[in-house]
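# Notes for the structure review
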Amino acid sequence: MVRNCRLKIGCWISGHRETAERIITMKLGYLEFVEVLRKQLLNALHLQEQQIFFKKKAIDNKDRLFVEAFENSSGKQLCGIDVKDLYERCMEGSSMESISYSVQDEIEKLKTVGMLEGEMTPDSYQKIRKYLFVKPLNKKAHSLELEDAVHKDVGDIACVVYMMLSNTNEYFCVKIKNQHLKQWKMTKEAVMEEALKNTCQMTPPFIYTNGKNKSGGSFMDNGAFCLSKSDKVMGVRLSTNTKEYGAISVFYPGVLQRLAQLMGSDLYILFTSGNESKIYSANESNLEDIKDELHIMETDYDNGIWYEDSLSEELYYYSRIEDKLSVYMEKVKVNFTTVNLKEVH
């Protein structure tokens, strides 16, 4: 199987060595450039001569440098690189080093995807476990996507496990499926725990208060943060340092326990989007005001307005005693009247 590589290559030039390299690179002819790139990849990827080869007008009438990326049950998998595009970038000033690194990165991504497509073993899990992370999705809006996905449901939210193939903010990722758990001989709970820990390390939780420090801050360490009366009443916004998919921070290990400690009470949680949630003190806040805010969101949903980053239509409650997050259920007050049964009869 041949896979096309679409590379987005950035170039950062600094220092005399890189400048000199750029001048030399720009003097390379097209075929010389292809050969230099091939030699660099042979050394970097530890491949044999026959495993990287060049063909003119090979796919879509484009010149391709083919790299034997990996082998699975379907046979040898080739990565077909558009070298004309790379040469143009070279002429625009990108260094050979940055181009080579970009190609290597693309090939590593394909290797990882190929690992998921093929038959895996418990050893495979050890190789990819550090790349697992979790995204929050609305169950109803993503019902088809969740059918074979490894996920944990809390109310109308699904925490879904993915494998990250790029460390940029716009994740290039693949979904982990239930069949992978069987091949790895791992439980869903263990994989979810691993993925949440990774996500927490990659994008640690931040809270954004109502005071002067609205830029956000870390709060997990004892003594690292304190909340004002206003924060407890009006609520604080919980997200991550990057904010993208920041609502997942509610599910990080120890986060709600720490927030309950700072609030000095149980918590109300309102997911305002997939990027953040709002946390209120159950003792200090006004529940009716929180319900009004939820009602505004629900009205949008009822009118068919579902924003791309919408996550939940529910109000959640965290109990310190039970250490449990669940959909908030209104407590119904029941008035009892004592009746003498003898008088009734």
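Parameters and conventions
Residues numbered from 1 in each chain as written. Predicted model: local features only at pLDDT ≥ 70, side-chain atom pairs only at ≥ 80, totals over all residues. Heavy atoms only, no water. Helix = DSSP H or I, 4+ residues; strand = E, 2+ residues; numbered from the N terminus. Buried < 20%, exposed > 50% of the residue type's maximum accessible area, 1.4 Å probe, protein only. Contact = heavy atoms within 4.5 Å. Areas by Shrake-Rupley, 256 points an atom, 1.4 Å probe, with all protein chains shown as cover. Pairing = 2+ DSSP bridges. Axes fitted to C-alpha atoms, helices over the stretch in contact; angles between N-to-C directions. Arc of directions from axis to C-beta. Polar contact = N/O pair within 3.5 Å; in protein donor to acceptor, adjacent residues only side chain to side chain. Parallel < 35°, antiparallel > 145°, perpendicular 65-115°, else oblique. Nonpolar A, V, L, I, M, F, W, Y, C, P; charged D, E, K, R; others polar. Phe/Tyr/Trp six-rings, centres within 6.5 Å; stacked < 30°, edge-to-face > 60°. Lys NZ or Arg CZ within 6 Å of the ring centre and 35° of its normal. pLDDT = per-residue confidence, 0-100.

Right, let's talk about the overall build of the protein for a bit. For the protein, the count of helices and strands is 11 helices and 14 strands. Buried residues in the protein amount to 46% of all 345 residues. A fraction of 61% describes how many contacts in the protein between residues 6 or more apart in sequence connect residues 24 or more apart. For the protein, the computed accessible surface area is about 19600 Å², with 50% contributed by carbon and sulfur atoms.

Further remarks concern the sheet that holds strand S11 (residues 267-273). Sheet strands pair via backbone hydrogen bonds, and the direction of the pair is either parallel or antiparallel. Pairing is antiparallel across the open sheet formed by 6 strands, whose spatial order is S9-S10-S12-S11-S13-S14. The open sheet has two edge strands, strand S9 (205-208) and strand S14 (324-327), and neither has a second partner. Here the average twist between neighbouring strands, direction ignored, is 30°. Bridge count for strand S10 (residues 236-240) against strand S12 (residues 276-281) is 3 bridges, and the pairing is antiparallel. Bridging across to S12, Val236 finds its partner in Ile279. Packing against the sheet, helix H9 (residues 255-263) makes contact with S9, S10, S11, S12, strand S13 (315-319) and S14, and its axis sits at approximately 120° to S11.

This part takes up the pairing of S11. Counting buried positions along S11 gives 6 out of 7 residues, so the element sits mostly inside the fold. Across 5 bridges, S11 lies against S12 in antiparallel orientation. Pairing of Leu270 across the sheet is with Lys278, part of S12. Connecting S11 to the next strand, S12, in antiparallel fashion are 2 residues. In this structure, S11 lies alongside S13, joined through 4 bridges in antiparallel fashion. Directly across from Ile269, in S13, lies its bridge partner Tyr316.

With that settled, the discussion passes to helix H3 (residues 83-91). Among the residues of H3, Val83, Leu86, Tyr87 and Cys90 are the ones counted as buried. The arc that holds the buried residues of H3, viewed along the axis, is 100°, so those residues lie on one side. Between a side-chain oxygen at the N-terminus of H3 and the backbone nitrogen of Lys84 the separation is 3.3 Å; the capping residue is Asp82. Two residues or fewer past H3, Gly93 is found with a positive phi of approximately 125°.

With that settled, consider the environment of Leu315. If you trace the backbone, Leu315 turns up in strand S13. Between the alpha carbons of Leu315 and Ser326 there is a distance of 8.8 Å; along the sequence they are 11 residues apart. Non-local contacts of Leu315, meaning those with residues more than four positions away in its chain, are made with Tyr268, Ile269, Leu270, Leu287, Ile290, Leu294, Ser326, Val327 and Tyr328.

Where helix H2 (residues 30-45) meets H3, the axes come as close as 10 Å, and the angle between the chain directions of the two elements is 100°. Classified by the angle between their axes, H2 and H3 sit roughly perpendicular to one another. Note on element contacts: H3 touches H2 through Val83, Lys84, Leu86, Tyr87 and Cys90, opposite Tyr30, Phe33, Val34 and Leu37. For the contact of H2 with H3, the residue count by class is 8 nonpolar, no polar and 1 charged.

With that settled, consider the pairing of S14. Sheet topology places S13 next to S14; 4 bridges connect them, and they run antiparallel. Paired with Tyr317 across the bridge in S14 is Ser326. Hairpin connection of S13 to S14: 4 residues between the antiparallel strands, including Asp323 at a positive phi of 50°.

Before going further, it helps to examine the packing of aromatic side chains. Evaluation of the coordinates by the stated rule reveals 12 aromatic pairs. Members of the aromatic cluster, joined through ring pairs, are Tyr30, Phe33, Phe54 and Tyr87. One residue, Lys84, lies across the ring of Tyr30, its end atom 5.0 Å from the ring centre. Stacked on the ring of Tyr162, the Lys or Arg Lys135 has its end atom at 4.4 Å from the ring centre.

On to the confidence of the model for the protein, then. Of the residues in the protein, 73% reach a pLDDT of 70 or more, and the chain-wide mean stands at 79. Per-residue pLDDT stays below 50 along residues 2-26; that stretch engages in 56 contacts with residues further than four places along the chain or on separate chains.

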